[in-house]
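Residue strings, one per chain:
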Amino acid sequence: MIFEAKDLKVYYKTKKGFVRAVDGINLSIEKGETVGLVGESGCGKSTFGQAILKILPPATFYGGSLKIENTELIGLNENEMRKIRGKKIGMIFQDPMTSLNPVMKVEKLFFETLKTHEPEITEEASRERTARVLEKVGIEPERMKEYSFQFSGGMRQRVMIALALVLNPILVIADEPTTSLDVIVQAQIMNLLNELRREYDMSLILITHDLGVVAEMADKICVMYAGHIVEEAVSEKLYYSPKHPYTELLLKSIPNTNIDDLDLKYIPGSPPDLLRPPVGCRFAPRCPYKKKICEVKEPPIFNVDGTKVKCWLYGGVKEW
Ligand SMILES: Nc1ncnc2c1ncn2[C@@H]1O[C@H](COP(=O)(O)OP(=O)(O)OP(=O)(O)O)[C@@H](O)[C@H]1O
Ligand SMILES: [Mg+2]
């Protein structure tokens with residue numbers, strides 16, 4: 001196992017109180033495994049991804065455990081985290097325009113990244129490494145002399161992938177890496193990511209709105225709802241025999257396997273306010289199978305035919 005989150009809690013501090021964006025998540029990832037993370041907007045996917053790198057606002061509360069290989073990240077300070085970011089965990093964001101420094105030449109971007117972890121590295125050695133990884137993502141090495149704003153959106157995303165890979169991390173987190181691109185470029189970037197993941201034998205957390213993409217690319221899928229993982233299963237199982245009512249409705253709601261196009265008539269209502277989430281199951285207010293217990297007691301995670309599901313339907317409750 002290369003990654004493990006245990007009862008992970010990530011709360012944003014606000015004037016109104018704590019926003020419980022991630023509220024007790026358990027997830028482990030093996031070497032080379034791809035995990036898809038899906039769920040409606042605001043359920044905590046990006047918070048989870050960014051918490052792994054600890055790049056959230058300084059006042060954010062972290063609880064539980066977060067381990068990469070055998071290193072516990074929760075107690076680490078900023079200096080210690082800097083050694084882990086990029087080196088052990090790479091990140092690919094949704095919008096490379098805001099995350100790639102546009103006033104830095106591409107070669108300099110790579111040099112700065114490499115220097116953080118290998119202070120001795122020469123500019124020449126850095127250029128060599130940069131050329132190699134740019135080739136991998138299909139960019140001519142000569143273009144490292146250019147600035148990122150001179151690239152098209154798809155090209156910028158390729159640069160971002162190269163930058164995430166240059167230090168050969170064990171785990172890469174890709175947060176909606178293709179959302180801002182057109183459909184054809186999206187597919188190219190996803191294929192590239194998939195190939196490189198295999199070649200570098202790294203693990204991948206893929207956050208996406210596109211259930212079709214995760215079903216194809218991921219070994220297992222986690223469905224998030226209001227700060228919880230409500231279902232975790234091998235991709236095919238989740239896709240063809242969903243267990244949690246939310247997953248079932250989510251799959252039903254998707255005309256083109258794209259969560260952005262949700263036809264929400266199947267899931268009336270809206271997700272709860274994470275400042276004051278419901279006491280019992282967080283999905284209960286919208287759940288067609290809701291019973292008494294659901295509103296008063298949070299369900300634990302049940303193991304049903306290898307699927308992990310956080311729902312009282314599987315709790316063998318006699319008295320509803
Ligand atoms: N800096 C912040 N301060 C307070 N609350 C925040 C902050 N960032 C996010 N949140 C809240 O945390 C919750 C989870 O947000 P997050 O961005 O992780 O969701 P998401 O699943 O990535 O959504 P999307 O699919 O829209 O990207 C939301 O309720 C959001 O409003
Ligand atoms: Mg997000």
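Anyway, here's the lowdown on the structure attached to this text.

Criteria and cut-off values
- Residues numbered from 1 in each chain as written.
- Chains lettered and ligands numbered in written order.
- Predicted model: local features only at pLDDT ≥ 70, side-chain atom pairs only at ≥ 80, totals over all residues.
- Heavy atoms only, no water.
- Salt bridge = Lys/Arg side-chain N within 4 Å of Asp/Glu carboxyl O.
- Helix = DSSP H or I, 4+ residues; strand = E, 2+ residues; numbered from the N terminus.
- Buried < 20%, exposed > 50% of the residue type's maximum accessible area, 1.4 Å probe, protein only.
- Near = heavy atom within 4 Å.
- Polar contact = N/O pair within 3.5 Å; in protein donor to acceptor, adjacent residues only side chain to side chain.
- Areas by Shrake-Rupley, 256 points an atom, 1.4 Å probe, with all protein chains shown as cover.
- Nonpolar A, V, L, I, M, F, W, Y, C, P; charged D, E, K, R; others polar.
- Pairing = 2+ DSSP bridges.
- Axes fitted to C-alpha atoms, helices over the stretch in contact; angles between N-to-C directions.
- Contact = heavy atoms within 4.5 Å.

## A few points about the pattern of salt bridges
Reasoning step 1: For the structure shown, the criterion picks out 22 salt bridges.
Reasoning step 2: Ionic pairing is found between Lys108 and Glu112, a salt bridge with its closest N-O pair at 3.3 Å. With a gap of four residues between them, Lys108 and Glu112 both fall in helix H4 (residues 106-117), about one helical turn apart.
Reasoning step 3: On the basis of relative accessible area, Lys108 is assigned to the partly exposed category, the value being 38%.
Reasoning step 4: Residue Glu112 is classed as partly exposed on the basis of its relative accessible area, which comes to 29%.
Reasoning step 5: With its nearest N and O atoms 2.8 Å apart, the salt bridge here joins Lys310 to Glu298. Residue Lys310 is located in the segment after strand E12 (307-309), and its partner Glu298 is located in the loop between helix H11 (292-296) and strand E11 (302-304); the two are separated by twelve residues in the primary sequence.
Reasoning step 6: One salt-bridge network, held together by shared partners, links Glu33, Lys220, Glu232 and Lys308.

## Quick look at the site of ligand 1
Reasoning step 1: In the vicinity of ligand 1 lie 14 residues, with Ser41, Gly42, Lys45, Ser46 and Thr47 positioned nearest.
Reasoning step 2: Within the contact set of ligand 1, an oxygen atom lies 3.1 Å away from a backbone nitrogen or oxygen of Gly44.
Reasoning step 3: Contacts to ligand 1 include Lys45, whose side-chain N or O atom sits 2.8 Å from an oxygen atom.
Reasoning step 4: With the chains in place, 65% of the 640 Å² that ligand 1 exposes on its own is no longer accessible.
Reasoning step 5: Sorting the residues of the shell around ligand 1 by element identifies strand E1 (3-14), strand E2 (17-29) and helix H1 (45-53) as the ones contributing at least two each.
Reasoning step 6: Among the elements that make up the shell around ligand 1, the one with the highest residue count is H1 (three residues).
Reasoning step 7: Partitioning the shell around ligand 1 into residue classes produces five nonpolar, seven polar and two charged.

## What to know about the sheet that holds strand E3 (residues 34-38)
Reasoning step 1: Taken in spatial order, the eight strands make up an open sheet running E6-E7-E8-E3-E9-E10-E12-E11, and their pairing is mixed. Two strands bound the open sheet, and with one partner strand each, they are strand E6 (89-92) and E11. Pairs of neighbouring strands in the sheet enclose a mean axial angle of 20°, with direction left out of account.
Reasoning step 2: Sitting on the sheet, H1 is in contact with E3, E6, strand E7 (171-175), strand E8 (203-207) and strand E9 (220-225), with an inclination near 145° to E7.
Reasoning step 3: Sheet contacts for helix H6 (residues 153-165): E6 and E7; angle to E6, the most-contacted strand, approximately 175°.

Keep in mind these values describe shape, not function.
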